[in-house]
Each structure stands twice: as C-alpha cells, then as structure tokens.
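Descriptive structure summary
Residue strings, one per chain:
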Amino acid sequence: MSTPNTWITEAVREAQIIGAMDASAAAEHISVGMSRLNHMFGEWNLSGKLSRFEKMQTFALTAPTQSMTIGTTANSATLQVDTGDRPVKINTANWLIASDPEQVIPLKVIQVDQYANIDLPTMEAAYPDRLYYQPKVPNGLIWMWPVPTTTTDSLQLFWWTQWDAVTDSTLNTDVPLAPGEEGAIVLSLAERLKRPFQKPYDGDLARDAAKARACLGAVNTIVPEMNTTGLISLAIR
C-alpha cells in the first residue's frame, strides 16, 4: 500500500530525522512533510518533465466560441477535465470532425506572439487550424483560430498529467504508482526535509534523489526528429 503518509514517513527516515526502526513519524513531521511534498509536486507539475504520463481527453463542442475556459467542474470551466487540474501546457491538439469515418485535423499549438500577430482574430471558419493556450488560474483559457462555427465536432487535447496535492483527507489514500515513482518521491522529499529539521547536507542522498528523478523523467524526454532527406540526396549525388 502506497499512501502519501507512507511517502512522508519514509522520507523522514531517509533524512535521518527519525530512526530506521521507528514505527511512525510524529505529527509535526507529517505536517511539515505534507507541505514540502505539495511544494515539490507543484514544481514537478510546472516542468512537466516528471509527469506520470500524457493525458488525452476529448471535449464535445456544441457551442464553440473564440475563447473557452478549461479546468475543473468545481471552477465552472467550459471544458471540464475529468481528472486532475487544468493543463499547465497543451502538448498536442486535434479537431475531430463528426463524420463516418471520423476525420482528424491536427491543430498547430502556437505561442502568444504568434497569436498576437493574427490580423483577423475573430475570423470564422468551419473548423480552426491553430490553438493558443493561456494557463491561467484557476481555469486555463483556450483561443482557437479561425473561430469554429460547427456545433457537432470535438476538440481533442493532450497534456502532461499532474501530481495531485495532498490534503488531510487524502493523506492515507492508496495511490497506485509505477515502478520507480515512489523512490523518486521519497528521496526527493527527504532532501527537502533536511533544512526545516536542521539536518546536515547529505551528498549521497542528493545523488540518489537526482538519479531517481532522472529515471522518472527519462520516459518524458522528447527526442527531436531529424530530417535527413537533403543529406540522403547529397550522398546519392
């Protein structure tokens, strides 16, 4: 069973705040550990490099507009994510045309300067060809161009999942983890608990934590594609 309480207790042991044979951590250890754990998860979520996997969700657009909010049901977002919080970043986007068979139109995910340079931001079309995302809080904001007019199509989005913040009510909730994830959490949290409990720096712990994070992030490393067409043609000549 892997719970946030277990992670914090193991991290407190790794940081040598309690002994290896101590059955549990004190309430103050759990309180500080939960705070530091949430800070750590917040940083991991921002970087995306230590995300657990890439999430995909499709949103039916019965009344598309130039901009739409995306987030949780609690925050009354137009596009409501089924798990987790609003995306930190949109990695990939597709427009799904309702037909038989379904047609998939890849959308270009653009940056703020590219969106700002669009001459006619309110121009309409049956479906868009690009998307700009603002990761506002509590809801993100999606801008599509051209502004779609169809009401039967869907928007498919891909983004890195986020580590959920731990609360008192979820402290003892079992969290299924993939191999290597718990080790990265425990060792990284142990590093962060050294300072609040006035424990000396531990080079071995820092090395092991960095190695565990590197293993966790390796699966999210994107290798850029290289176009070798020109090189091949030169070799033929």
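Located above this text is the structure these notes cover.
Bear in mind that the values here come from a model prediction, so they are computed numbers and not experimental data. (Residues numbered from 1 in each chain as written. Predicted model: local features only at pLDDT ≥ 70, side-chain atom pairs only at ≥ 80, totals over all residues. Heavy atoms only, no water.)

**Quick word on the packing of aromatic side chains**
Each aromatic ring pair is described using two quantities: the centre-to-centre distance and the angle formed by the ring planes. Stated formally: When the centres of two rings from Phe, Tyr and Trp lie within 6.5 Å, Trp using its six-membered ring, the rings pair. Their planes under 30 degrees apart give stacked, over 60 give edge-to-face, and anything left gives tilted. Secondary structure elements are defined from DSSP: runs of H or I of at least 4 residues count as helices, runs of E of at least 2 residues count as strands, and each element is numbered from the N terminus. Note on classification: 1.4 Å probe, protein chains only; a residue is buried when its accessible area is under 20% of the maximum for its type, exposed when over 50%, partly exposed between these limits.
Scanning the model with the defined rule gives six aromatic pairs in all. Taking the centre distance of 5.9 Å and the plane angle of 70° together, the rings of Trp44 and Trp163 count as edge-to-face. Taken together, the residues span a long stretch of sequence, with Trp44 in helix α2 (residues 27-47) and Trp163 in the loop between β10 (154-160) and α4 (181-194) at a distance of 119 residues. For the pair Trp44 and Trp163, one class covers both residues: buried. Between Tyr115 and Tyr132 the ring centres are 5.5 Å apart and the planes differ by 25°, which places this aromatic pair in the stacked class. On the criterion of sequence distance, the pair formed by Tyr115 in helix α3 (residues 112-116) and Tyr132 in strand β7 (residues 130-134) is long-range, its members being 17 residues apart. Just as Tyr115 is buried, Tyr132 falls in that class too.

**Focus on the sheet that holds strand β4 (residues 92-97)**
Adjacent strands of a sheet pair through backbone hydrogen bonds, lying either parallel or antiparallel. What counts, and what does not: Here, any two strands with at least 2 DSSP bridges between them count as paired.
Strands sit in the order β1-β10-β4-β5-β7-β8-β2-β3 across an open sheet of eight strands; the sheet is mixed. Either end of the sheet is taken by a strand with one partner, and the two such strands are β1 (54-60) and β3 (79-80). Across four bridges, the pairing between strand β2 (residues 67-71) and strand β8 (residues 140-145) is antiparallel. Bridged to Ile70 within β8 is Gly140.

**Focus on the pattern of salt bridges**
What counts is decided by this rule: The rule for a salt bridge is simple: a side-chain nitrogen of Lys or Arg has to be within 4 Å of a carboxyl oxygen of Asp or Glu.
A full pass over the atoms with the stated rule returns eight salt bridges. Salt-bridge contacts for Glu43 lead to Arg192; the nearest nitrogen and oxygen are separated by 2.6 Å. Here Arg192 lies in helix α4 and Glu43 lies in helix α2, a separation of 149 residues in the sequence. Judged by its relative accessible area of 44%, Glu43 falls in the partly exposed class. On the basis of relative accessibility, which here comes to 28%, the residue Arg192 falls in the partly exposed class. In this structure, the salt-bridge partner of Arg207 is Asp204, at a minimum N-O distance of 3.3 Å. Here Arg207 and its partner Asp204 are both found in helix α5 (residues 203-218), three residues apart, which amounts to about one turn of the helix. On the accessibility criterion, Asp204 (48% relative accessible area) is partly exposed. Here the salt bridges share partners, and the residues they tie into one network are Asp204, Arg207 and Asp208.

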